[in-house]
Structure formats: C-alpha cells, structure tokens
Amino acid sequence: MDVILALKYLLHFTTDSEILQRLERETFDYFIDEKNCNNGLIADKTEAGSPSSIAVIGLSINVYIIGVERGYISREEARGRILQTLRFLHSSQQGPEPDSTGYMGFYYHFLNMQTGKRMWESELSTIDTAILMAGILTARHYFTHHNEEEEELRNLGDVLYERVDWDWARNGAATLTHGWTPEKGFCEQRWNNGYSEAHILYILALGSPTHPISEAGYLEWLSSFEWKKAYDIEYLYAGPLFIHQMSQLWLDLRGISDSINTKYGIDYFENSCRAVLVHYRYALENPMGFRRYGKYVWGLTASDGPGPATYKVNGVQRTFYDYIARGAPYGPDDGTISPWVCVTALPFAPKLVLRAARFVLGIIFLLFGKNKGFQASFNATFPKRGDNPFGWLSPWQFGLNRGPVVMMIENYQSELTWTIFKQCPHIISGLRKAGFSGGWLEQVK
C-alpha cells in the first residue's frame, strides 16, 4: 500500500473506537500465547526462558475477564484458565525454604515457568503480591454464578487473599517492607519514601479481614509525598508515568479523597491527569534534544532500553541505560519512549492519547505491514539504529506492559474493572481505613 494512503487510512479514516478495539484485541493475545497450559503461569516477557511474574499473573486474570466481556474468549475458557492458576497457587509450596513458591501468603517475584518454584533468588514481593491479589479479588467478584466451578473459584480467591500476612511484612514498623528473602530476611527498603504505585498495596493490607495493618503505616507513607510544580502544573510528584497509573487499574479514585487530597484540593485521578500533561509538555519542549519527541511521541517510565552504553551522537555525549525507571521532567532520560504507558494514560487524557495512538499505530503499520500492538519501548537517538526510522526497538514484549494497556482501554470504555472492584467489601474497608471519603464511596454500604 502507498505510504500516503496508509497514513491517511490509519491516522484519519479509522475511528477512535476501531483504533482502541484493534489495540485491545492484539494486546490481549499476549496472555493466550505466553501461558503455560499445565499450571496457568504467565511469562514475564517473550524472551525464551523467561520466568513467570506474579504481577503479570494478576494482570492476566483481569485481562481474561475483559476478554469475556469483549467476546475474545468464552466465560468457560476464562474461568478454566483462572481456576487452573488459582489451584496451582493454592497447592504450591508455602514455606521458608529457598525453593518454595511463596511464604506467609506472599509469592516470590519470579517463578520458574515449569515448576513454579522461586527463580533468581528473587524476593517475596509485597507490591507484586498485591497486584496478584487485586486480580484474584476481581475474579472473585466477577464469577458469581451458582455452579461448582465458580463457587470453587470464589473460595480459592478468599483463601489466597486471607492468608497473606500483611502485618508480618511490616517487620515491626508501621510501613510495609518491599519484601523478604530466605537468605537476608526483610528488605531494607520500605514503602515510605515518596508517592508511588503502593496505593493498591496499602488498601489491600488495610482491608484484610485476617492480617490487617493499621492506618499509621499509610499515614506515614502519605507524609513523604512531594508537591511540585512543573510547566505551571502543580501535582504530587513521581517521575515514571506508570506510578500514576498502576493502582488505578483497579481503584476508582475519582472524586474520593484522603487527607493529602484534602490538603492539596485534588484527588489522585486529577493528579494523574496532571502528571500526564507534564510528560506531554516535557516531550514538546524536549530539553535534552532527543529524536522523535513531540506531540505524538511521549511517555517515560520504567522500561527496557538500548544500554548500557555511552556514545557521542551529533557531537553530544549520550549515556544510554538498559532497564531503569525513566521519568519526566527530572529524569533519568536517555531518549527511550514507552508507547504502552502513553496508552495506559487513556482515562486521564483521552484526546492526547488517541492522537498519539493513531500516529504510532500508523508507523507500525508502515514498518511491519500489519498491526502488532505497541512495542515495549524504542529509542530513535541510539546510534546503532539499523533501518528502522524509529531506531532501537525493544526485542521483547512484557506482560507488565500489556496488561495495563488492555485494562485501561477497557476502563476508559466501560469502567469494567473499576466497577467490579468496588463490589469487594475488603477494598471498601481498606479505603475507609486509609481515610478516603466522598464521591461514590458515600453510596456504598
């Protein structure tokens, strides 16, 4: 197809609904293709030999539910896939042994795709277990039919959530640690240092019916948030864009407020809207002069990259990173853009995101002859570029990127996950213990 005609078709003649439907459907397929059919585990990324990621497992559960609602898979198939995963998680080894699957209800960050045992001496991860549990609780409140399989699914969901010992993960202090390993014990790092993706973690821990933490830890975390101003935009600062999105894959934070929201006069949803505008403005101004940044190409986050390497590019010494949490407007930034995190901002800035999605999908169409969903990341400034006009492309797709794309497209279109998650009484309890009030929360008993 002629280049100009292709661009006209993709950038002008395709409707927004068609763009989103196509992108959601193609992104969904990751969770079909990268599943171990013997145990329900999902690969962290498409690289051969990749372990499973427990966060990606949690995302997959939500994605299957969206697949049911969109007609990508049947309710029976989704239920079977999720049940297989929950049965494995329930029966797998929980104990302090270094080769177990989890301990104290938590799960190791990375698991062997075949055996489900711990990989790479990874940690029992509090945040990744929270993402897993968010997916499990969504399924528990979606599959409500009165039949044997759905009743089993609900029972397993309750057991898995209720055995997580969030209180143990405090290690004697108010805030939650990042995790624990058999070799070194609890991690020194805690969820107490700045605005982060930890809302989903704290709400789940506060709302636990068996091992809750007190609100003191949540309040201590809030006290570390920074209110900053960039491009005349004031907001609770975090550099990587995924931080402003991850918890809101599940939590509808529109119109409800905790003490920090009351102090600054905006809710967390509006805060994320402002963070997206900061990333957009940063790309427009492009203070470091990277290639391709602009109104169609923006979004910095934790991502794969072309480094580590240092090159002189057009007379400028550039340092390129591999995997790092990139952020705007204060960096780090090496010219690596993550289109998926732009799409995941859809509920917060639909006009900006749809415009960018049209452009990037058009480029993908022209380069590859068909749409394949978004690349995980690319860097047009990296000098070893090959023939691709967008330069270095990440060779892998990541489940941690793909899941949020599907979930936020659907939240934008139908509010599906937000609506289901509000039906969980433990989430309502956790929000109230955290001090949230107002809005839709006042309508819930």
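Preceding block: the structure.
Remember, it's a predicted structure, so these values are computed and weren't measured experimentally.

S.K.: Run through empty space enclosed by the protein, naming residues and quoting values.
M.R.: Gaps left between atoms are located by rolling a probe of water-molecule size over the structure's atoms. Under the counting rule described, the total for this entry stands at five cavities of 30 Å³ or more. Its boundaries defined by the atoms lining it, the second largest cavity holds a volume of some 60 Å³. Considering the residues around the second largest cavity, the lining is formed by Tyr296, Val297, Trp298, Ile337, Pro339, Cys342, Val343, Ala356, Ala357, Val360, Phe374 and Phe378. Breaking the lining of the second largest cavity down by element, the ones donating at least two residues are helix H12 (339-343) and helix H13 (350-368). Split by residue class, the lining of the second largest cavity holds 12 nonpolar, no polar and no charged.

S.K.: Give me the nonpolar core: which residues, what numbers.
M.R.: Core analysis: the biggest nonpolar cluster contains 139 residues, and Trp166, Trp250, Tyr268, Trp298 and Phe436 have the highest contact counts within it. Top element by residues in this core is helix H4 (residues 54-70). It accounts for 11 residues. In this view, Phe436 contacts His199, Ile203, Tyr218, Leu253, Ile256, Ser257, Asp258, Asn261, Tyr268, Leu431 and Leu441; residues no more than four positions away in its chain are not counted.

S.K.: So what's going on with the packing of helix H8 (residues 199-206) against helix H16 (residues 425-433)? Which residues, and what values?
M.R.: Relative to each other, H8 and H16 sit at 105°, their axes nearing to 7 Å. On the basis of their axis angle, the class for H8 and H16 is roughly perpendicular. For the pair H8 and H16, the contacting residues are Ile203, Leu204 and Leu206 in the first and His426, Ile427, Gly430, Leu431 and Lys433 in the second. Along the lines of polarity and charge, the residues of the contact of H8 with H16 split into five nonpolar, two polar and one charged.

S.K.: Residues and numbers for the packing of helix H2 (residues 16-28) against helix H14 (residues 399-414), please.
M.R.: Two elements in contact, H2 and H14, have axes separated by 9 Å at closest approach and are oriented at 145°. Crossing angle aside, the handedness with which H2 passes H14 is left-handed. Here H2 contributes Leu20, Leu23, Glu24, Glu26, Thr27 and Phe28 to the contact with H14, which in turn contributes Arg402, Val405, Val406, Ile409, Glu410, Tyr412 and Gln413.

S.K.: Can you lay out the side chain of Arg170 for me, pointing to particular residues and giving the numbers?
M.R.: Looking at the element boundaries, Arg170 is found in the loop between helix H7 (148-162) and strand S6 (179-181). Here the side chain of Arg170 touches Ala173 through a polar contact of 2.4 Å, landing on its backbone oxygen. If near-sequence neighbours (up to four positions away) are discounted, Arg170 is found in contact with Thr175, Leu176, Thr177, Arg190 and Ile213.

S.K.: Please provide a residue-by-residue account of the layout of surface pockets, values included.
M.R.: When its volume is computed, the largest pocket comes out at roughly 940 Å³. Forming the boundary of the largest pocket are 35 residues, of which Glu197, Phe242, Ala302, Tyr323 and Leu400 lie nearest the centre. Residue assignment for the lining of the largest pocket shows that the elements contributing at least two residues are helix H6 (126-142), strand S10 (302-303) and H14. In terms of residue count, the dominant contributor to the lining of the largest pocket is H6 (three residues). Tallied by class, the residues present in the lining of the largest pocket amount to 19 nonpolar, nine polar and seven charged.

S.K.: Would you mind going over the pairing of strand S11 (residues 309-313) in detail, with residue names and values included?
M.R.: Note that S11 and strand S12 (residues 316-320) share five bridges and pair antiparallel. Bridge assignment links Thr310 to a residue of S12, and that residue is Thr319. Counted along the chain from S11 to the antiparallel partner S12, the turn is two residues long, and its residue Asn314 has a positive phi close to 50°.

S.K.: Got a sec to walk through the packing of aromatic side chains? Specific residues and values, please.
M.R.: The geometry of an aromatic ring pair is captured by the separation of the ring centres together with the interplanar angle, meaning the angle of the planes. This structure, assessed with the given rule, holds 29 aromatic pairs. Where Tyr296 meets Phe359, the ring centres are 4.9 Å apart and the plane angle is 15°; that geometry is what we call stacked. In this pair, Tyr296 is assigned in the loop between helix H11 (268-285) and S10 and Phe359 in helix H13, connecting sequence segments 63 residues apart. The class for Tyr296 is partly exposed, based on a relative accessible area of 30%. Seen in terms of ring centroids, Phe320 and Phe382 are 5.0 Å apart; in terms of plane orientation they differ by 90°. Their pairing is edge-to-face. Residue Phe320 is located in strand S12, and its partner Phe382 is located in the loop between strand S15 (378-379) and strand S16 (392-393); the two are separated by 62 residues in the primary sequence. Judged by its relative accessible area of 1%, Phe320 is buried. Under the relative-accessibility criterion, Phe382 is labelled buried at 6%. Three or more aromatic residues link up through ring pairs in this structure, and these residues are Tyr195, Tyr202, Tyr218, Trp221, Phe225, Tyr268 and Phe436. In this structure, Lys422 packs its charged tip against the face of Trp440, placed 4.8 Å from the ring centre.

Definitions and cut-offs
- Residues numbered from 1 in each chain as written.
- Predicted model: local features only at pLDDT ≥ 70, side-chain atom pairs only at ≥ 80, totals over all residues.
- Heavy atoms only, no water.
- 1 Å grid on protein atoms, 1.4 Å probe; cavity = no way out; pocket = protein on both sides within 12 Å on 5 of 7 lines; lining within 4 Å.
- Points joined across faces, edges and corners; volume = space filled by probe spheres on them.
- Helix = DSSP H or I, 4+ residues; strand = E, 2+ residues; numbered from the N terminus.
- Nonpolar A, V, L, I, M, F, W, Y, C, P; charged D, E, K, R; others polar.
- Core = buried A, V, L, I, M, F, W, Y, C linked by side-chain atoms within 4.5 Å.
- Buried < 20%, exposed > 50% of the residue type's maximum accessible area, 1.4 Å probe, protein only.
- Contact = heavy atoms within 4.5 Å.
- Axes fitted to C-alpha atoms, helices over the stretch in contact; angles between N-to-C directions.
- Parallel < 35°, antiparallel > 145°, perpendicular 65-115°, else oblique.
- Left-handed = near helix turned anticlockwise from the far one by under 90°.
- Polar contact = N/O pair within 3.5 Å; in protein donor to acceptor, adjacent residues only side chain to side chain.
- Pairing = 2+ DSSP bridges.
- Phe/Tyr/Trp six-rings, centres within 6.5 Å; stacked < 30°, edge-to-face > 60°.
- Lys NZ or Arg CZ within 6 Å of the ring centre and 35° of its normal.

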